[in-house]
Amino acid sequence: MRKQKRQKFSEIKAGLDDAESLIRKMDLEARSLQPNVKAVLLAKLREYKSDLNNLKSEHKRLASANSNQAARDDLLESGMADAMSVSANQRGRLMMSTERLNESSDRIKESRRTMLETEELGVSILQDLHQQRQSLLHANDTVFLLLKVPYRLHLLTGKFEGKDERKRLMRKGGRKNK
């Protein structure tokens, strides 16, 4: 039945197109006639064009309503026939989406676990570095103290030697060369 409607609408459309073509040809012929006949024929042609435009509008309105009705019918028929198929398809997509969501959640949990392990390792390394720094600072202080003792001894012994040397040089009148 729908095919018959479509076929009739196609036939009507073809007839309207043919009528429009004929009106154009008549318009060309009427324009080439004598002015007194031409005016009468052009007036009739305007009426024909107006009627044709009204018919085209009506055809378009009916075709649109028919296509909307056909679309509704298709949806209802396919909707009833495919309801179980659509439901199963939606269920399958939902299950796949849920599975992907669960996999993503697992990856996020694994990434979080890795991040926490890395953070713990970083803290441990920083603690080790702090202990090594403290050891190096303590060793530096110890070396500095050990180096200071002989220098102080040298200064102490050098002071006394220096006083004796100065006295000797003053007696001689010379200067000390370094």
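The sections below set out a description of the structure shown in this document. (Residues numbered from 1 in each chain as written. Predicted model: local features only at pLDDT ≥ 70, side-chain atom pairs only at ≥ 80, totals over all residues. Heavy atoms only, no water.)

### Topic: the overall build of the protein chain
Quick reminder of the rule: Secondary structure elements are taken from DSSP: a helix is a run of H or I of four residues or more, a strand is a run of E of two residues or more, and numbering for both begins at the N terminus. The buried label applies to any residue whose accessible area, calculated with a 1.4 Å probe on protein chains only, is under 20% of its type's maximum; exposed applies above 50%, and partly exposed to all values in between. Here a residue-residue contact requires only that any non-hydrogen atoms of the pair lie within 4.5 Å. Each accessible area is a Shrake-Rupley result for a 1.4 Å probe, and residues are judged covered by the shown protein chains and nothing else.
If you tally the helices and strands in the protein chain, you get 2 helices and 0 strands. Put simply, the protein chain has 178 residues, and 7% of those count as buried. Taking as baseline every contact in the protein chain between residues at least 6 positions apart, the subset at least 24 positions apart corresponds to 57%. Here the protein chain displays about 16000 Å² of accessible surface, and carbon together with sulfur accounts for 59% of that area.

### Some words on the side chain of His59
As for its placement among the helices and strands, His59 is situated in helix 2 (residues 35-172). Judged by its relative accessible area of 13%, His59 is buried. Setting aside chain neighbours within four positions, we find His59 in contact with Phe9, Ile12, Lys13 and Leu16.

### As for the pattern of salt bridges
Defined as follows: When a carboxyl oxygen of Asp or Glu lies within 4 Å of a side-chain nitrogen of Lys or Arg, that pair is called a salt bridge.
Taken as a whole and judged by the stated rule, the model has 8 salt bridges. With its nearest N and O atoms 3.4 Å apart, the salt bridge here joins Lys13 to Asp17. Note that Lys13 and Asp17 are positioned in helix 1 (residues 2-31) at a spacing of 4 residues, about one turn of the helix. Given the relative accessible area of 42%, Lys13 is considered partly exposed. For Asp17, a relative accessible area of 34% gives the class partly exposed. The partner of Arg113 in a salt bridge is Glu110, with the nearest N and O atoms 2.3 Å apart. Highlighted residues: Arg113 and Glu110, both in helix 2, separated by 3 residues, approximately one helical turn. Under the relative-accessibility criterion, Arg113 is labelled partly exposed at 39%. If you follow the salt bridges from partner to partner, you end up with Asp27, Arg31 and Lys49 in one network.

### Describing the nonpolar core
In plain terms, the rule: To define a nonpolar core, start from buried Ala, Val, Leu, Ile, Met, Phe, Trp, Tyr and Cys residues and group those joined through side-chain atoms within 4.5 Å.
One finds Leu16, Ile23, Ala30, Leu42, Leu45 and Leu52 forming the largest nonpolar core, which totals 6 residues. Leaving out residues up to four positions away in the same chain, Ala30 has contacts with Lys38, Leu41, Leu42 and Leu45.

### A closer look at a nonpolar patch on the surface
Definition in use: Surface patches are defined over residues having more than 30% relative accessible area and no salt bridge, joining like charges when they lie within 9 Å and nonpolar side chains (Val, Leu, Ile, Met, Phe, Trp, Tyr) when within 5 Å.
Residues Leu121, Ile125, Leu126 and Leu129 make up a contiguous nonpolar surface patch of about 400 Å² in total accessible area. Mapped onto the elements of the fold, Ile125 is located in helix 2. A relative accessible area of 43% places Ile125 in the partly exposed class.

### Some points on the side chain of Asp27
For Asp27, the position within the fold is in helix 1. When neighbours within four sequence positions are excluded, Asp27 is seen to be in contact with Leu42, Leu45 and Lys49.

### Overview of the environment of Arg46
Positionally, Arg46 belongs in helix 2. For Arg46 and Asp27, which are 19 residues apart along the polypeptide, the C-alpha to C-alpha distance reads 9.2 Å.

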